[in-house]
Amino acid sequence: MKRRPDAGGATSGSKRPSRQDPVSCESCRKKKLKCDRGLPCSSCTARKLECSYGGYSSGTTPIRPMSQTDQRPILDDRVSDPPPTLQWTPRQDTETQNSRNESLLTADWLETIVMGHRVPSAVPATLRAELSQHRDPEQSPTQQDTTLSDRFPAIWDRLASRENPATIHLPSYLPPLAEALSLFRYYCKYLDFQYHVIIPSRVEQQIQTIYDCVTRNETINLAHTALLFGITAAALYYQLLVESPEHAEPFSQESTFLAGAALIQSNYIPYPNLEGLQATMIIGHHLSNMDLPSSVSPLFVHRSFVSQATSMRLHLVDSPRIVAERSANGFDKTNVELKRRLWWDLATYDWLLGFLSGPQEWTYSIQPQHMVVQEPLNVEDEEIDHSENGVPLSTPTAMSFSLCRLKLAVVCRQIVDEMSYYHFHGQEVPYEKILELDQKLHKVSREIPSYFRFDQASRRRYSVLYRERPALAWQRAVVQQGFHSRLCRLHRHYLVRGAKDPKYSYSHVISLQSARRVLEVKRIMDEEEPAFTPHSSVIWAVMHHVFMAAAILLIDVCFNWDDILAEKRKEEVLEACRMLSRAQQSSPTAREGINAMMGILRRHWKHEKSASSRDSQEHSASSNSDATTESTPRPDILTPVSLGSKRPVPFPPHNPIVQSTVCSSADAPPSPVPLEDIWAEMLESSANIELNTPDWTDLLTELTNVTLPID
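Residues numbered from 1 in each chain as written. Predicted model: local features only at pLDDT ≥ 70, side-chain atom pairs only at ≥ 80, totals over all residues. Heavy atoms only, no water.

1. Observations regarding the overall build of the protein chain
Phase 1: If you tally the helices and strands in the protein chain, you get 29 helices and zero strands.
Phase 2: Total accessible area on the protein chain is roughly 33900 Å²; 52% of this is exposed by carbon and sulfur atoms. (Helix = DSSP H or I, 4+ residues; strand = E, 2+ residues; numbered from the N terminus. Areas by Shrake-Rupley, 256 points an atom, 1.4 Å probe, with all protein chains shown as cover.)

2. As for helix 8 (residues 177-190)
Phase 1: Compared with the 20 Å implied by 1.5 Å per residue over 14 residues, the 20 Å span of helix 8 between its first and last C-alpha is a close match.
Phase 2: Buried within helix 8 we find Glu-179, Ala-180, Leu-181, Leu-183, Phe-184, Tyr-186 and Tyr-187. (Expected span 1.5 Å × (residues − 1). Buried < 20%, exposed > 50% of the residue type's maximum accessible area, 1.4 Å probe, protein only.)

3. Examining the environment of Glu-50
Phase 1: Looking at the secondary structure, you find Glu-50 in the loop between helix 2 (42-47) and helix 3 (94-115).
Phase 2: Linking Glu-50 and Glu-26, residues 24 residues apart in sequence, is a C-alpha distance of 9.4 Å.

4. Description of the confidence of the model for the protein chain
Phase 1: Taken as a whole, the protein chain shows an average pLDDT of 74; of its residues, 67% reach a score of 70 or greater.
Phase 2: Long-range and interchain partners of residues 1-21, a stretch whose pLDDT sits below 50, account for six contacts in this model, where long-range means more than four residues apart.
Phase 3: This stretch, residues 707-711, has a pLDDT under 50; its non-local contacts, to residues over four places away or in other chains, come to 28 contacts. (pLDDT = per-residue confidence, 0-100. Contact = heavy atoms within 4.5 Å.)

5. Considerations on the environment of Ser-387
Phase 1: Position of Ser-387 among the secondary structure elements: in the loop between helix 15 (333-354) and helix 16 (400-424).
Phase 2: Given the relative accessible area of 13%, Ser-387 is considered buried.
Phase 3: Note: C-alpha distance between Ser-387 and Lys-333 (54 residues apart in sequence) is 9.9 Å.
Phase 4: Those residues in contact with Ser-387, other than ones at most four positions away along the chain, are Lys-333, Leu-377 and Val-379.
Phase 5: Within the local environment of Ser-387, its side chain forms a polar contact with the backbone nitrogen of Gly-390, the two atoms lying 2.9 Å apart. (Polar contact = N/O pair within 3.5 Å; in protein donor to acceptor, adjacent residues only side chain to side chain.)

6. Regarding the packing of aromatic side chains
Phase 1: Enumeration according to the criterion identifies 13 aromatic pairs in this entry.
Phase 2: Ring centres of Tyr-431 and Tyr-504 lie 4.8 Å apart, and the angle between their planes is 90°; this geometry places the pair in the edge-to-face category. Placement of Tyr-431 in helix 17 (residues 431-447) and of Tyr-504 in the loop between helix 21 (495-498) and helix 22 (505-527) is noted, with a sequence separation of 73 residues between them. For the pair shown, Tyr-431 and Tyr-504 are each scored as buried. (Phe/Tyr/Trp six-rings, centres within 6.5 Å; stacked < 30°, edge-to-face > 60°.)

7. Observations regarding the pattern of salt bridges
Phase 1: Under the counting rule described, the total for this entry stands at 22 salt bridges.
Phase 2: For Glu-388, the salt bridge is made with Lys-333, and the minimal N-O distance between the two is 3.3 Å. Residue Glu-388 is found in the loop between helix 15 and helix 16, and its partner Lys-333 is found in helix 15; the two are separated by 55 residues along the sequence.
Phase 3: Between Arg-497 and Glu-428 there is a salt bridge, with the nearest N and O atoms lying 3.3 Å from each other. Here Arg-497 is found in helix 21, whereas its partner Glu-428 is found in the loop between helix 16 and helix 17, with 69 residues between them in sequence.
Phase 4: The exposure class assigned to Glu-428 is partly exposed, which follows from its relative accessible area of 45%.
Phase 5: Linked through salt bridges whose partners overlap, the residues forming this network are Asp-318, Arg-326, Glu-337 and Arg-340. (Salt bridge = Lys/Arg side-chain N within 4 Å of Asp/Glu carboxyl O.)

8. Focus on the environment of Val-242
Phase 1: You can see Val-242 is positioned in helix 10 (residues 222-243).
Phase 2: Separated by 292 residues in the primary sequence, Val-242 and Pro-534 place their C-alpha atoms 8.4 Å from one another.

9. Points about the nonpolar core
Phase 1: Within the largest apolar cluster, 128 residues are counted, with the highest numbers of intra-cluster contacts made by Tyr-187, Ile-198, Leu-277, Leu-314 and Ile-415.
Phase 2: Among the elements that take part in this core, helix 10 stands out by supplying 14 residues, more than any other.
Phase 3: When sequence neighbours within four positions are dropped, the list of residues in contact with Tyr-187 reads Asp-192, Tyr-195, Val-197, Ile-198, Ile-231, Ala-234, Ala-235, Ile-282 and His-286. (Core = buried A, V, L, I, M, F, W, Y, C linked by side-chain atoms within 4.5 Å.)

10. Let's talk about unusual backbone geometry
Phase 1: For Arg-313, which is not glycine, the phi torsion reads 65° and is therefore positive.
Phase 2: At Trp-362, a position not held by glycine, the phi torsion is positive, near 65°.
Phase 3: In this structure, Trp-362 sits in the loop between helix 15 and helix 16.

11. What to know about the packing of helix 10 against helix 11 (residues 245-265)
Phase 1: At a closest axis distance of 8 Å, the pairing of helix 10 and helix 11 adopts a crossing angle of 175°. In terms of orientation, helix 10 and helix 11 fall into the roughly antiparallel class.
Phase 2: Here the residues of the contact of helix 10 with helix 11 are counted per class, giving 17 nonpolar, eight polar and two charged. (Axes fitted to C-alpha atoms, helices over the stretch in contact; angles between N-to-C directions. Parallel < 35°, antiparallel > 145°, perpendicular 65-115°, else oblique. Nonpolar A, V, L, I, M, F, W, Y, C, P; charged D, E, K, R; others polar.)

12. Observations regarding the packing of helix 13 (residues 302-311) against helix 15
Packed helix pairs are characterised by how far apart their axes lie and by the angle those axes make with each other.
Phase 1: Closest axis-to-axis distance for the helix 13/helix 15 pair is 11 Å, and the angle between their directions is 145°. Crossing geometry of helix 13 relative to helix 15 is assigned as left-handed. Mapping the contact onto sequence places His-302, Phe-305, Val-306, Ala-309 and Thr-310 in helix 13 and Trp-343, Leu-346, Tyr-349 and Asp-350 in helix 15.
Phase 2: Partitioned by chemical class, the residues of the contact of helix 13 with helix 15 number six nonpolar, two polar and one charged. (Left-handed = near helix turned anticlockwise from the far one by under 90°.)

13. Examining the state of the cysteines
Phase 1: Applying the stated criterion across every chain, the model contains zero disulfides.
Phase 2: For Cys-44, which is in no disulfide, the shortest distance to another cysteine sulfur is to Cys-41 and amounts to 3.6 Å.
Phase 3: Exposure remark for Cys-44: the relative accessible area of 0% places this residue in the buried category. (Disulfide = S-S within 2.5 Å.)

Printed below as a string of structure tokens:
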């Protein structure tokens, strides 16, 4: 085979000269961004990069001097060189990309035309970014959202979750120091008060040390880095829910993956440490429903937390032998108190979880006989070293809320101990035991400090304090919702029975009172000062309590439809429904959760409705068959059946079940039915429904199973 002769007598080592010199700077060409050709260009200015056009002579490439931000800190021999930049969108393969874009456009059509604006997006955020680029190829990611790309260039330009967590170069994914501190302060101000598992002053020093090591090209502490990424993941999610909802989950997911990668590289499983445990607990508490790669997801489950804490012997912090060792060798008092806080937070979480429906119902992992740990002190973080016994609970501190949750958790553990035998053996709990446990819950309520109460006197007395410390107002609301929702759960088996049988009337009354209290707390959170940040509707635990309370009132109206106050009670239920509708509009998390619970409620409702009217319709079934065929029931709202994933399930266009649900006889897709209309329809048909206690108990159990709020 003859070789084609070289054109123009060029030697084999020479390269063909380009037609013209590139007009974009080096950085924009590498990142495939549109360059405005300034000197420096706007993209390099925003990213704080050196903008260089260089001398592009044939066969040469200009070399930019390495800045401090480009120098790689030394980790260890196991860490490979930084990976090449990965673009936000998948690699461009012509045949695969055309097929992918067609699927994306189909999903987008289903979302816009079929599902309407009242249901969650059927296209995940990362794919929506790809779809928007397909529609306008000239528009780069930087132009689409300059703010986010400037703030998080590492996350925006490449996906960490595509890499190996054991070898990923973590320093290159650190956000700028100013952004890291901003997210840390957001977490401390708006999220830390829910689960106070860090000491902010200590963590801030650790963050500063990380960036000092990067500047000096020194080894970074991987445990501290995991904690930074964990805090960043939680703060990003709730901050972006307001600023840019479509980016909240993917950005938070990437930070969570980086936290897991830091733990893997630090050998956290065989050699756990406090900062690693803090990182996993923060992610587990605030982002428990998020989908994560299987390489890191086992790190962020409750049983893993308990296992690692036990490996560090946190369950024996105050055992005689360890106390003697501390006395002989000296110790850091703040470190010991932090260990107590972490262990009791795990115990509180575990015991509250045991009194919720789900696979863990009526059981718990942490046995009080298997631990020797003093309760945390009610003391501010700065005073730990100077206080022996703390201050009384009547004085609010950063730990007051955690101690109140602990008291409620202890009673929940006692409820599990008393009732689990009956449930496991299929026996009904004696009503006398229900009343006994009710008294224990009310005892905890009486011990709640006055600044966490909702009576008029307490609200007036502490109004100034709430404005000075808004976290206390948040905590007050969560404490009250947590207590009343557990009280309602304790009595719900006797809710319907108590409406007719005087023996159980107390359960009927207390269930309704508690449900109304939960709704009143949410109304105050929405309407009164101080304004809550993040908004209460984005916290799913809050909205789950609200939905359960509304369901209790709905069931009562349906069973007592002939009550003299029935119309007033119907309006009460509709007002609760409007509260849920407002939450749907303000929070994707609440919208998906409420839709999932509505799917369960409507499924039970239809079953009960058909069962109650079966006998009355049997004799006329043949004569009314034609009319029945012509009438079309109101379509269900398309919802995912569970919240195992925060992303909604997309419905393919060829699914016959979905088509029969959403398409009318004229093949025109109807709009989803507003939530208030559905509840109003239920209330109007309540007189035709025969209810029985077991079915409604099963309904409430299923509604609780949608997710596991533990506040």
